Amino acid sequence: MVELRARWDGLVPGPGELADELITQYVGRNRRAYRDHYLEVVLTALESLIQLSTDPASVRLAAWFHRAVHEPGGTPTEDAEASARLAERLLPQYGVAAIRVAEVARLVRLTGDLTAPPADSYAPPRRDANGDVLLDAVNAILSADPVRYAVHAAEVRRDAGDRRSALEQRYNDVRQLLDGHLYRTQLARQRLGPVARVNLETELANLDSELPAPWRGWQQAALTATAMFCAIGSTVVAIAAAGASWQIPTAPSEVGWPPVALAAVAFISAPVLFRCARSSSQRACLVAGVVLAIAVTGLLIAWAQAPRTNPAVGVGLRVPLLIAALLLLLLSGGSALAGSLLRTRTARFLPSRNLGQQLAWLAVPGVVALTLLLVVQPLARNYVLSTNERIERSPRPAGTAIPSSLNGTVAWVSKATLGAGAEEAISTQYGIAIPRPNGVVDMLDAATGDLRWRYSRSDSDERPTILATGDGAYVLAEFADVGYLLLDANTGQRKAAWPSRTRNHLIQQAQPLLTGEHALHGSDKLHGLDPDGHERWTFEPGDCSDLSAVATTDAVVAFLGNCGDEADAVTGLDLKTGKKLWSRTATDTYRRPVVAGGLVVVAEPGGDSDVPQALTAIEPRTGAVKWRWPVPQTWACRTLLNPAGRYLIVVDCPGPSSIQNRHTVVTAIDTATGRTAWQTTARVDPRAKVTVTPDGRVISLSRDTEACWANIIEQAGFRQVRLPLGITCSRDAHAVGNQVLVSGDNAVIALR
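Enquirer: It is not clear to me how the overall build of the chain should be interpreted in this structure. Could you clarify?
Expert: Helices and strands together make up the secondary structure of the chain, namely 16 helices and 35 strands. Taking 752 residues into account, the globule formula puts the C-alpha radius of gyration at 27 Å, and the chain, at 45 Å, lies well above it. For the chain, the proportion of its 752 residues judged to be buried stands at 49%. Of the contacts formed within the chain by residues at least 6 apart in sequence, a portion of 57% connects residues at least 24 apart. Here the chain contributes 74 positively and 73 negatively charged side chains, and the mean placements of these two sets differ by 2 Å.

Enquirer: How do you make sense of the pattern of salt bridges when you look at a structure like this?
Expert: In a structure, side chains of opposite charge can pair up when their charged atoms sit close to one another. In the structure shown here, the tally under the stated rule is 25 salt bridges. Among the salt bridges present, the one from aspartate 685 reaches arginine 662, with a minimum N-O distance of 3.5 Å. Taken together, the residues aspartate 685 in the loop between strand S28 (675–682) and strand S29 (691–692) and arginine 662 in the loop between strand S26 (647–652) and strand S27 (664–670) connect sequence positions 23 residues apart. Where arginine 719 meets glutamate 714, a salt bridge forms, and the shortest distance between an N and an O atom there is 3.0 Å. Salt bridges here are not isolated pairs; linked through shared partners, they connect Glu81, Arg85, Glu88 and Arg109.

Enquirer: Help me out: how do you make sense of the pairing of strand S31 (residues 708–714) in this one?
Expert: Regular strands show a simple pattern: their side chains alternate between the two faces of the sheet. Buried residues dominate S31, accounting for seven of its seven residues. Of the two faces of S31, the one holding Cys708, Ala710, Ile712 and Glu714 and the one holding Trp709, Asn711 and Ile713 are both buried throughout. Relative to S31, strand S30 (residues 698–703) is paired through six bridges, and the arrangement is antiparallel. Counterpart to serine 702 in the pairing with S31 is tryptophan 709. In this structure, S31 lies alongside strand S32 (residues 717–722), joined through six bridges in antiparallel fashion. Across the sheet, the residue bridging to alanine 710 is valine 721, located in S32. The antiparallel pairing of S31 with S32 creates a hairpin that spans two residues between the two strands.

Enquirer: Just to check I follow, could you spell out the state of the cysteines for this structure?
Expert: Formally, a disulfide is one covalent bond, and it connects the sulfur atom of one cysteine to the sulfur atom of another. Evaluated as defined, the whole model comprises two disulfides. Between cysteine 708 and cysteine 729 runs a disulfide, and the two sulfur atoms are separated by 2.1 Å. Looking down the S-S bond of the cysteine 708 and cysteine 729 bridge, the torsion is 75 degrees, so its handedness is right-handed. Separated by 21 residues along the polypeptide, cysteine 708 in strand S31 and cysteine 729 in the loop between S32 and strand S33 (734–736) bring together distant segments of the chain. Exposure class is identical for cysteine 708 and cysteine 729. Each is buried. With no disulfide of its own, cysteine 230 has cysteine 276 as its nearest cysteine by sulfur position, at a separation of 15 Å. The exposure class of cysteine 230 is buried, given its relative accessible area of 3%.

Enquirer: I would appreciate a short explanation of empty space enclosed by the protein in the present structure.
Expert: Picture a little ball the size of a water molecule; that probe, rolled over the atoms, points out where space is still empty. Overall, the coordinates contain one cavity of 30 Å³ or more when judged by the stated rule. Computed from the structure, the largest cavity encloses a volume of approximately 40 Å³. Counting residues per element, the ones that place at least two in the lining of the largest cavity are S30 and S31. In terms of residue count, S30 provides more of the lining of the largest cavity than any other element does, three residues in total. Here the lining of the largest cavity is built from residues that sort into five nonpolar, three polar and no charged.

Enquirer: I would appreciate a short explanation of helix H9 (residues 163–178) in the present structure.
Expert: Quick reminder: α-helices carry 3.6 residues per turn. Residues three or four places apart thus point the same way. Here H9 is 16 residues long and its end C-alpha atoms lie 22 Å apart, about the 22 Å a rise of 1.5 Å per residue gives. When H9 is considered as a whole, its buried residues turn out to be Ala166, Leu167, Arg170, Tyr171, Val174, Leu177 and Leu178. Axial view of H9: buried residues confined to an arc of 135 degrees, hence all on one face.

Enquirer: What is the right way to look at the sheet that holds strand S8 (residues 451–457) in this model?
Expert: Sheet strands line up and pair through hydrogen bonds in the backbone, either parallel or antiparallel. Spatially, the five strands line up as an open sheet ordered S3-S8-S7-S6-S5, and their pairing is antiparallel. This sheet does not close on itself; its edge strands, each paired only once, are strand S3 (389–393) and strand S5 (426–428). Along the sheet, successive strands turn relative to each other by an average axial angle of 20 degrees, direction set aside.

Enquirer: Any chance you could explain helix H4 (residues 56–65) here in plain terms?
Expert: Across the ten residues of H4, eight count as buried, placing the element largely inside the fold. Taken together, the buried positions of H4 are occupied by Ala57, Ser58, Val59, Leu61, Ala62, Ala63, Trp64 and Phe65.

Enquirer: Just checking my understanding: could you explain the sheet that holds strand S34 (residues 739–744) for this structure?
Expert: Across the sheet, which stays open at both edges, the four strands sit in the order S4-S35-S34-S33 with antiparallel pairing between neighbours. Every other strand in the sheet has two partners, leaving strand S4 (410–413) and S33 as the edge strands with one partner each. On average, each strand axis in the sheet is tilted by 35 degrees relative to the strand beside it, whichever way the strands run. Both S34 and strand S35 (residues 747–751) contribute to a ladder of four bridges, which runs antiparallel. When the sheet's bridge partners are listed, valine 742 is paired in S35 with isoleucine 749.

Basis of the calculations
- Residues numbered from 1 in each chain as written.
- Predicted model: local features only at pLDDT ≥ 70, side-chain atom pairs only at ≥ 80, totals over all residues.
- Heavy atoms only, no water.
- Helix = DSSP H or I, 4+ residues; strand = E, 2+ residues; numbered from the N terminus.
- Rg over C-alpha atoms; globule rule 2.2 N^0.38 Å.
- Buried < 20%, exposed > 50% of the residue type's maximum accessible area, 1.4 Å probe, protein only.
- Contact = heavy atoms within 4.5 Å.
- Lys, Arg positive; Asp, Glu negative; His and termini not counted.
- Charge placed at Lys NZ, Arg CZ, Asp CG, Glu CD.
- Salt bridge = Lys/Arg side-chain N within 4 Å of Asp/Glu carboxyl O.
- Pairing = 2+ DSSP bridges.
- Disulfide = S-S within 2.5 Å.
- 1 Å grid on protein atoms, 1.4 Å probe; cavity = no way out; pocket = protein on both sides within 12 Å on 5 of 7 lines; lining within 4 Å.
- Points joined across faces, edges and corners; volume = space filled by probe spheres on them.
- Nonpolar A, V, L, I, M, F, W, Y, C, P; charged D, E, K, R; others polar.
- Expected span 1.5 Å × (residues − 1).
- Arc of directions from axis to C-beta.
- Axes fitted to C-alpha atoms, helices over the stretch in contact; angles between N-to-C directions.

If you want it as structure tokens, here you go:
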């Protein structure tokens, strides 16, 4: 206290009663921090800086008063305000001029916020020399010798009260100090700054070891992990892009080095950006910025060079994959830059390892992997699907098909169906769909043959396979190298693209929709699907490599063969859930199952002949045999089974299967009783391909030297109708409902 008393001499006129009163304030019994040794450090530092002030006396008085009032747990702002009021009350009593009293009070109030501005924003509009000197002197305690500083820090924490709260508050205060300038004057920065920073960093490290920090630093860890794993993901996607084409068909001049170069850049960037995200240097920010610039430049180039599609040229998968790889590289560089800036500003002092950081390092690669599988891959495929498709529409509503009476005239002739024929036509609720070469599906008006809509793909040059599903509301089209697409039968709009796992399934039945999956090892699988390709259930019988099935409106009957040591079997499944309803051993391998009248009718094999021994009707939900219809032993050709309303139409030949046989027998079996409803034998070549209408007419085409003829076998008997010129008799007739279609030269013709 003697040294403190000596520093007071001459500050104010008269004896040192004011000094004694102030010293008494600093050594009070209730003080835990900011005691006399603290004031001594401040006054000592002030003497080395006082030459920078414009009013030394005011600065010295402010230094004496700035912590004259202090309550345990009080904030610097509260202490500064109370101390300023004390100066305003006491100084006039000792003859200090009012202008100086005001300056002292102002300076004392400045000490309520000792934090200096951040390093990159310290540019005050005007200098406050007195305030800068005082604040630097007050902060001189930060540069005291390590022992004294440790004592001061311990006193400050003890003064704050609750230990946990005190540690957290002190941690935040110290980190805030380190994030800015510790001193305002250049002289203080040079003399005091280095030692003060070492003291603060040491204290922060000690505080960090005392504070439980299970989550602190997870943001930094997440940004670092994102920078590295996004670069790795960019490498993987770029390699995948190298194996794809830029456009379809592939141009002879197409170069393959861009994705390879991008993969190399991304691979090299992974460790580099990892280091950048963990560094606060300007070089780290510069490197991360360079990677960002490369990614942005690549995106602009890729977008500008993307192929312009037309009916003959489509966009290849390399385009979206390359853009995705560049976006991942952009995210990687951005994360590294953000991590570096975060480390520079607020997160330089982090626990070396904790739960939050470990979870971040575990979560980020999982998120990146899921992003590649669930976001990048579907988006890339959807981009190719959307970019390469075209739809041409006519505003006319769908007409109603007129059943063909087959009177030898033509109802309508289609237009613009080059390369298409009647054989592949399917019936829908909104017209007749016909597949064409070069990836085209046409929907014709069933009443007029006019084109209602045309769906085409630039990335397919083969004829798609089409089926009607969803009770005729949709067209399911399989395009080569694309997979199954679901088209709205009314508008031609693509409603869905089947998921990749179902793209190679084989359609067992379109209505209801069943698919089969052949397994190289183990058992084949049967899937019940919705029209959009999403699975409702999967049936895997065990070890059977021959699996087929048919379905009714509520049940599925599956036929299992080649089951290893197990016998062949027939199994019933619920159509909605795939739950097994029944199962029984099959003594014979059933052939050619069809659904007629709500029953599943199968052919019992008759040895090596294509003629079955009998036809058996199975109730699909119980497996019970409803009836058995023996096939005449005299029949000799391949027996054809076709449903037609309540009847099962059976087509065969009544005699030896030879080239001389010119007769065909048609039998209608009532599915309710299993008895023959009617039978007609006609002089028609049994080798001619036939089509069956829902009303039970069996139709085929034949030619003689004069004309093309339609052969109609029905309940009323047999008749032949001469067809008009222009019909290609070498191509088969095809029934879509009760409307009969034939083919012309690049046209589909509906018979009246």
